[in-house]
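Below are the chains, spelled out letter by letter.
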Amino acid sequence: MASASASEELWILGIHMTKFGKHPDKDLVDLASEAVQGALSDGGVTMKDIGIIGAGNLMMAMAPTGQMVQKQLGQTGIPVYNVSNACATGATALRVALMAIKAGETDMGLAFGVEKLAGAGLLAGGSRSADSNTWTPHGRFGAVAAVDGRVGTETMPGVFAQIGMEYGHKYGGTSFELFAKISEKNHAHSTLNPLAAYTKKMSLEQIMNDVMIAYPNTRPMCSANCDGAAAAVVVSGSKLKTLSLEQQKRAVKISASVLTTDPYEEACQILPNVNTLTRRAATQAYEQAGVSPADLNLVELHDCFATAELVHYDNLMLCEEGGAADFFNSGATWRDGKTPVNVSGGLESKGHPIAATGIANVWEVATHLRGEAGDRQIEGAKVGMTHVIGLGSACGVHILEKSAA
Amino acid sequence: MAQQIPLVDYLVLGDNPHLVAQECTSCGARFFDRRNACASCGGTDFKQVDVATTGEVRTFTIVSFAAPGIPVPFVAAVVDCEGTSVRANLINVTPDPEHVTTGMKVRLATEVIGTDDNGTEAVGFGFEPLGG
Ligand SMILES: [Zn+2]
């Protein structure tokens with residue numbers, strides 16, 4: 001019944017991520033297929049059970065990635081939505097599958113995100129074009145030459161560096177060293193994650209003395225470009241009740257699923273404002289799930305740069321407003337702290353195959369909630385949050401809960 | 001003196017170089033690009049206004065890796081010009097964290113960024129330390 005589906009519970013039945021890193025011998029379809037087959041087998045279902053696919057990919061967004069995967073794993077004729085939404089692409093693909101279930105169109109969906117990024121350079125902004133031999137104004141600024149680098153910066157490391165510096169200017173307490181310490185934490189966490197692209201512990205001194213990319217972000221403080229994929233099978237609560245007890249026990253409840261964009265504010269078209277849309281997404285998610293930040297046993301947030309992680313402590317309301325530096329300095333976000341953040345190693349060391357990220361972080365939290373995270377298990381984890389943000393901007397937040405079955 | 005052209009159409013050259021913005025006549029939101037409507041209120045009526053030429057650095061970064069043709073390191077910043085935020089480079093300042101700080105007072109300055117095949121100079125803008 002359509003009227004009943006609005007309050008339908010949503011569950012993860014199966015979920016999988018590939019190893020992040022370099023996969024020179026695998027193409028986009030190989031990586032996606034590995035993640036999808038893993039998620040299907042984890043959920044104990046096949047392509048024949050799936051009613052919709054949300055397929056996420058950014059760098060090859062013109063390709064029908066979902067159908068290319070169907071042609072390898074099973075062409076069942078179901079609808080496929082190929083989505084691209086910057087670094088929120090994976091979360092968007094997941095939401096497409098969830099919305100189809102909520103709308104009552106199907107009771108089981110599949111979402112995946114895949115990216116081949118190993119060896120890619122710094123991802124710059126979009127307005128750079130070749131300078132010409134005679135000055136001719138073009139574009140929305142009537143520019144006679146590329147503005148990136150001449151009128152501020154559009155490079156990701158530079159944009160997110162300014163976002164962290166702006167937080168410091170507003171509230172104080174930040175320094176190059178503080179931002180580097182956040183990176184030190186995530187690199188330390190990654191040593192326990194066999195699926196991370198980089199699993200080396202780095203000292204504060206190593207991080208601060210590494211190549212400066214955009215002050216205050218040095219190279220290890222930037223997300224690592226790599227290959228990878230992640231996939232999830234999601235089901236309605238009523239469908240889950242018809243499945244085996246084992247499937248019900250390992251299922252993970254999606255208590256909240258939210259996507260926001262940036263509302264207009266002064267300066268938001270000058271420097272992207274990643275704060276307000278994240279705060280709004282988190283507010284909606286806490287409301288949907290009926291939990292508070294204090295209930296979270298772990299958080300996987302979008303540390304595309306060390307400077308970004310700091311502001312999101314505040315945006316996700318893990319600390320009091322303006323208190324992100326003190327919160328970090330208290331040790332709260334280390335894996336033995338009050339609110340462990342990025343125990344996977346985060347984007348800085350686990351890696352950031354863009355479209356895969358928004359499902360891989362759900363895999364990380366779900367794996368802890370299932371008690372299957374091995375050496376890096378957060379003991380007794382019951383509730384967790386995932387967060388991604390794509391410039392442009394889009395923010396995806398999910399809250400997950402352990403099954404009571 | 002060589003013919004000059006501004007790097008962007010919201011830079012006005014001449015004796016008193018300054019930036020201009022498109023200000024929404026219904027809500028006052030200011031934009032630097034060509035508009036279809038106002039992102040704040042949806043209004044479609046704009047008037048051109050002058051932007052203050054002095055301001056305060058609200059945030060910055062020192063970029064060490066940039067696109068080809070851009071000298072590095074350079075300072076990219078957001079300057080609060082009496083309530084209007086402006087994206088720009090900081091120029092005529094040593095690009096290191098000892099010489100650049102948030103909160104520092106700056107003023108608009110122009111600089112030639114290149115000359116084309118017709119001998120026309122393109123003039124860009126940045127902000128330099130006040131009293132520096
Ligand atoms: Zn308006």
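Residues numbered from 1 in each chain as written. Chains lettered and ligands numbered in written order. Predicted model: local features only at pLDDT ≥ 70, side-chain atom pairs only at ≥ 80, totals over all residues. Heavy atoms only, no water.

**Q** I'd love a proper account of the side chain of Thr-89 of chain A, names of residues and values included.
**A** Residue and element names in this part refer to chain A. Secondary-structure assignment places Thr-89 in helix α4 (residues 89–102). Within the local environment of Thr-89, its side chain forms a polar contact with the backbone oxygen of Ala-86, the two atoms lying 2.5 Å apart. Sequence-distant contacts of Thr-89, that is, excluding residues within four places in its chain, are made with Gly-56, Asn-57, Leu-58, Val-83, Ser-84 and Ala-355. (Helix = DSSP H or I, 4+ residues; strand = E, 2+ residues; numbered from the N terminus. Polar contact = N/O pair within 3.5 Å; in protein donor to acceptor, adjacent residues only side chain to side chain. Contact = heavy atoms within 4.5 Å.)

**Q** Tell me about the pairing of strand β1 (residues 10–17) of chain A, and name the residues and values.
**A** All names here are of chain A. β1 sits mainly inside the fold: seven of its eight residues count as buried. With seven bridges joining them, β1 and strand β7 (residues 228–236) adopt antiparallel strand pairing. Bridge assignment links Met-17 to a residue of β7, and that residue is Ala-230. One ladder, built from two bridges, connects β1 with strand β8 (residues 252–261); its direction is antiparallel. When the sheet's bridge partners are listed, Trp-11 is paired in β8 with Lys-253. (Buried < 20%, exposed > 50% of the residue type's maximum accessible area, 1.4 Å probe, protein only. Pairing = 2+ DSSP bridges.)

**Q** Provide a residue-level description of the coordination of the zinc ion, including the pertinent values.
**A** All names here are of chain B. Protein coordination of the zinc ion is provided by Cys-24 (SG), Cys-27 (SG), Cys-38 (SG) and Cys-41 (SG), with donor distances spanning 2.3 to 2.4 Å. Counting along the primary sequence, the residues that act as donors to the zinc ion give the motif C-x2-C-x10-C-x2-C. Cys-24 sits in the buried class, given a relative accessible area of 1%. According to the relative accessible area criterion, Cys-27 is partly exposed, its value standing at 37%. (Donors = N, O, S within 2.8 Å, 3.2 Å for Na, K, Ca; no water.)

**Q** Break down the packing of aromatic side chains for me, with residues and values.
**A** For the structure on display, the rule yields eleven aromatic pairs over all chains. A ring pair is formed by Phe-176 of chain A and Tyr-215 of chain A, whose centres lie 5.7 Å apart and whose planes are at 50°; its orientation type is tilted. Placement of the pair is Phe-176 of chain A in helix α6 (residues 176–190) and Tyr-215 of chain A in strand β5 (residues 212–215), with a sequence separation of 39 residues. Accessibility classification places Phe-176 of chain A together with Tyr-215 of chain A in one group, the buried group. When the centroid spacing of 6.2 Å and the interplanar angle of 80° are considered together, the rings of Phe-31 of chain B and Phe-46 of chain B count as edge-to-face. Pair noted here: Phe-31 of chain B is in strand β4 (residues 30–31) and Phe-46 of chain B is in strand β5 (residues 46–51), with a separation of 15 residues, a long-range link. (Phe/Tyr/Trp six-rings, centres within 6.5 Å; stacked < 30°, edge-to-face > 60°.)

**Q** Which residues make up the interface of chain A and chain B, and what are the values?
**A** At the interface, 38 residues of chain A touch 53 residues of chain B. For the chain A and chain B pair, buried surface summed over both sides reaches about 3900 Å², with 59% attributable to carbon and sulfur atoms. Joining chain A to chain B, the criterion identifies two salt bridges. The closest approach of N and O atoms between Arg-58 of chain B and Glu-166 of chain A, which form a salt bridge, is 3.2 Å. Our count for the contact surface shared by chain A and chain B stands at 20 residue pairs in polar contact (both at pLDDT 80 or more). Elements represented by at least two residues in the side of chain A that touches chain B include exactly α5 (156–171) and β5 of chain A. Among the elements that line the side of chain A that touches chain B, the one with the most residues is α5 of chain A, at six residues. Among the residues making up the side of chain A that touches chain B, the classes are represented as 20 nonpolar, eleven polar and seven charged. Sheet analysis places β5 of chain A next to strand β6 (residues 54–63) of chain B, joined by two bridges and oriented antiparallel. Considered in β6 of chain B, the bridge of Ala-214 of chain A is made with Val-63 of chain B. (Buried area = accessible area lost by both parts, 1.4 Å probe. Salt bridge = Lys/Arg side-chain N within 4 Å of Asp/Glu carboxyl O. Nonpolar A, V, L, I, M, F, W, Y, C, P; charged D, E, K, R; others polar.)

**Q** Please give an account of the packing of α6 of chain A against helix α11 (residues 306–315) of chain A that cites residues and values.
**A** All names here are of chain A. Close contact between α6 and α11 brings their axes to 8 Å; oriented N to C, the two are set at 95°. One element, α6, and the other, α11, form an angle in the roughly perpendicular class. Taking contact as the criterion, the partners of Leu-178, Phe-179, Ile-182, Ser-183, Lys-185 and Asn-186 in α6 are, on α11, Ala-306, Thr-307, Glu-309, Leu-310 and Tyr-313. (Axes fitted to C-alpha atoms, helices over the stretch in contact; angles between N-to-C directions. Parallel < 35°, antiparallel > 145°, perpendicular 65-115°, else oblique.)

**Q** Account for the sheet that holds strand β10 (residues 383–390) of chain A, with residues named and values stated.
**A** Residue and element names in this part refer to chain A. The sheet built from nine strands is open, its strands ordered β3-β2-β4-β7-β1-β8-β11-β10-β9 with mixed pairing. The open sheet terminates on both sides in strands that have one partner only, identified here as β3 (80–83) and β9 (298–300). Each strand of the sheet is rotated relative to its neighbour by a mean of 25°, with strand direction disregarded. Of the strands in this sheet, β8, β10 and β11 (394–401) touch helix α10 (residues 275–289), which is tilted by about 150° from β8.

**Q** I'd like to hear about unusual backbone geometry, residue by residue, with values.
**A** All names here are of chain A. Backbone torsion omega between Gly-392 and Ser-393 reads 5°, so that peptide bond is classified as cis. The backbone phi angle of Ala-86 is positive, close to 50°, even though this residue is not glycine. Within the secondary structure layout, Ala-86 lies in the loop between β3 and α4.

**Q** Run through helix α3 (residues 65–73) of chain A, naming residues and quoting values.
**A** All names here are of chain A. Within α3 the residues assigned to the buried category are Thr-65, Gly-66, Val-69 and Gln-70. An end-on view of α3 places all buried positions within 140° of arc, on one side of the element. Opposite the buried face of α3, by more than 90 degrees, sit the exposed residues Lys-71 and Gln-72. Where α3 is buried, its residues meet α2 (28–43), β2 (53–56), β3 and β4 (108–115). Looking one or two residues beyond α3, the residue adopting positive phi is Gly-74, at roughly 150°. (Arc of directions from axis to C-beta.)

**Q** Can you lay out the confidence of the model for chain A for me, pointing to particular residues and giving the numbers?
**A** Parts of the model with low pLDDT should not have their predicted coordinates read in detail. In this model, chain A carries an average pLDDT of 95, and 95% of its residues clear a pLDDT of 70 or more. Contacts for the low-pLDDT stretch residues 1–6 of chain A, under 50 throughout, to residues beyond four places or in other chains number five contacts. (pLDDT = per-residue confidence, 0-100.)

**Q** Tell me about the side chain of His-23 of chain A, and please be specific about residues and values.
**A** Residue and element names in this part refer to chain A. With respect to the helices, strands and loops of the structure, His-23 is situated in the loop between β1 and α2. On the accessibility criterion, His-23 (9% relative accessible area) is buried. Other than its neighbours up to four places away in sequence, His-23 contacts Leu-31, Lys-116 and Asp-227.

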